[in-house]
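Survey of secondary and tertiary structure
Spelled out, the chains give:
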Amino acid sequence: DGGITQSPKYLFRKEGQNVTLSCEQNLNHDAMYWYRQDPGQGLRLIYYSQIVNDFQKGDIAEGYSVSREKKESFPLTVTSAQKNPTAFYLCASSSQGALPQHFGDGTRLSIL
Amino acid sequence: EDKVVQSPLSLVVHEGDTVTLNCSYEVTNFRSLLWYKQEKKAPTFLFMLTSSGIEKKSGRLSSILDKKELFSILNITATQTGDSAIYLCAVANAGGTSYGKLTFGQGTILTVHP
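For clarity, every value in this text was computed on a predicted model and none was experimentally measured.

What counts, and at which threshold
Residues numbered from 1 in each chain as written. Chains lettered and ligands numbered in written order. Predicted model: local features only at pLDDT ≥ 70, side-chain atom pairs only at ≥ 80, totals over all residues. Heavy atoms only, no water. Disulfide = S-S within 2.5 Å. Helix = DSSP H or I, 4+ residues; strand = E, 2+ residues; numbered from the N terminus. Buried < 20%, exposed > 50% of the residue type's maximum accessible area, 1.4 Å probe, protein only. Patch = residues over 30% accessible without salt bridge, like charges linked within 9 Å, V, L, I, M, F, W, Y side chains within 5 Å. Areas by Shrake-Rupley, 256 points an atom, 1.4 Å probe, with all protein chains shown as cover. Salt bridge = Lys/Arg side-chain N within 4 Å of Asp/Glu carboxyl O. Contact = heavy atoms within 4.5 Å. Buried area = accessible area lost by both parts, 1.4 Å probe. Nonpolar A, V, L, I, M, F, W, Y, C, P; charged D, E, K, R; others polar. pLDDT = per-residue confidence, 0-100. Phe/Tyr/Trp six-rings, centres within 6.5 Å; stacked < 30°, edge-to-face > 60°. Lys NZ or Arg CZ within 6 Å of the ring centre and 35° of its normal. Pairing = 2+ DSSP bridges. Axes fitted to C-alpha atoms, helices over the stretch in contact; angles between N-to-C directions.

**Observations regarding the state of the cysteines**
Scanning all chains against the criterion turns up 2 disulfides over all chains. Put simply, A:Cys23 and A:Cys91 are joined by a disulfide, and their sulfur atoms are 1.9 Å apart. Between A:Cys23 and A:Cys91, the S-S torsion sits near -75°, and that sign places the bridge as left-handed. Of this pair, A:Cys23 sits in strand 3 (residues 19-25) while A:Cys91 sits in strand 9 (residues 87-94), placing them 68 residues apart in sequence. You can call A:Cys23 buried: its relative accessible area is 1%. Here B:Cys23 pairs with B:Cys89 through a disulfide, and the sulfurs are 1.9 Å apart. Judged by the torsion about the S-S bond (-70°), the B:Cys23/B:Cys89 disulfide is left-handed. Highlighted residues: B:Cys23 in strand 3 (residues 19-26) and B:Cys89 in strand 9 (residues 85-93), separated in sequence by 66 residues. Of the two residues, B:Cys23 and B:Cys89, both sit in the buried class.

See the structure below:
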């Protein structure tokens, strides 16, 4: 089945640790996006990529990093510089510039 | 900076009630407005509105856009417990490197009691 797969579903981070969230899609979409969702705040854009080997910062990129080496994969690293990483992270994709964006089931990140 | 504001932030109704969710926006270069429904995990797409005054309908849900007044409403008639969810409104920017980028509102949490 075509779709977006995020893993793991739950992740725990220790102080000073970097963690990487996986996002894979088999929809042949060019564009991929990472959002963060906190209670009462909707979705905020962290990073997006419209083509392989290129990506742009979103509204809240500080403390995060991404790579886009393959069309189907867009991993997000939450670095130790992100002081408040506890949130629900959603990955989305679309044909380049097209709408709507389609979402994965998310990863819930917590601090130990 | 693009901005989307939804109201109310939460709403509790009983089955059979009709609800109206509001979304107002400011965007530098408007392309479209989208509504999503989010239950436990992935937001699922409901409607995309580009033209003013044209209602989109799907079963008991309908939505309309007013580009002059910069708002949209989502109506749900004869609500059911399965309508309980977060409803998200987003606007898409048409400009340059922001093409396809979505800005979301805070969401409206709808709870439907039996």
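Here the narrative resumes.
**With respect to a nonpolar patch on the surface**
All names here are of chain A. There is a patch of nonpolar side chains on the surface, built from Tyr10, Phe12 and Leu112 and spanning about 400 Å² of accessible area. Locating Leu112 in the fold gives a position in the segment after strand 11 (107-111). What makes Leu112 exposed here is its relative accessible area of 64%.

**Re the interface of chain B and chain A**
If you look at the interface, chain B gives 22 residues, while chain A gives 22 residues. Of the roughly 1800 Å² buried where chain B meets chain A, counting both sides, 59% is carbon and sulfur surface. The three residues of chain B that bury the most area against chain A are B:Lys41, B:Lys101 and B:Phe104, which together make up 27% of that side's buried surface. In this assembly, chain B and chain A are joined by 1 salt bridge. B:Lys101 serves as the salt-bridge partner of A:Asp59, at 3.6 Å between the closest nitrogen and oxygen. Contributing elements (two or more residues each) for the side of chain B that touches chain A: strand 4 (30-38), strand 5 (44-49), strand 9 and strand 10 (102-104) of chain B. Tallying contributions element by element places strand 4 of chain B first for the side of chain B that touches chain A, with 5 residues. The residue inventory of the side of chain B that touches chain A, partitioned by class, reads 11 nonpolar, 7 polar and 4 charged.

**Thoughts on the confidence of the model for chain A**
When pLDDT is averaged across chain A, the result is 93; 98% of the residues are at 70 or more. By mean pLDDT, the top-scoring element of chain A is strand 7 (residues 64-66) of chain A (98), and the lowest-scoring one is strand 2 (residues 10-13) of chain A (92).

**Notes on the packing of aromatic side chains**
The final tally for this structure, using the stated rule, is 11 aromatic pairs over all chains. A ring pair is formed by A:Tyr35 and B:Phe104, whose centres lie 5.4 Å apart and whose planes are at 85°; its orientation type is edge-to-face. Within this pair, whereas A:Tyr35 is found in strand 4 (residues 31-37), its partner B:Phe104 is found in strand 10, the two belonging to separate chains. The two residues A:Tyr35 and B:Phe104 agree in class, both being buried. Each residue in the set A:Tyr33, A:Tyr35, A:Tyr48, A:Phe103, B:Tyr36, B:Phe45 and B:Phe104 is aromatic and connected to the rest through ring pairs, giving one cluster. The residue whose ring lies beneath A:Arg68 is A:Phe74, and the NZ or CZ to ring-centre distance is 5.9 Å.

**A few points about the sheet that holds strand 1 (residues 3-7) of chain B**
All names here are of chain B. Taken in spatial order, the 5 strands of this open sheet run 1-3-8-7-6, and their pairing is antiparallel. Two strands in the sheet have a free side with no partner beyond their single neighbour: strand 1 and strand 6 (56-58). Adjacent strand axes in the sheet meet at a mean angle of 15°, parallel and antiparallel pairs treated alike. Pairing of strand 7 (residues 61-66) with strand 8 (residues 71-76), which is carried by 6 bridges, proceeds in the antiparallel orientation. Paired with Ser63 across the two strands is Leu74, which belongs to strand 8.

**Some remarks on the pairing of strand 1 of chain B**
All names here are of chain B. Burial of the side chains of strand 1 is restricted to one face: Val4 and Gln6 are buried, whereas none of Lys3, Val5 and Ser7 on the reverse face is. As defined by bridge partners, strand 1 adjoins strand 3 across 5 bridges and the pair is classed as antiparallel. What sits directly across from Ser7, in strand 3, is Asn22.

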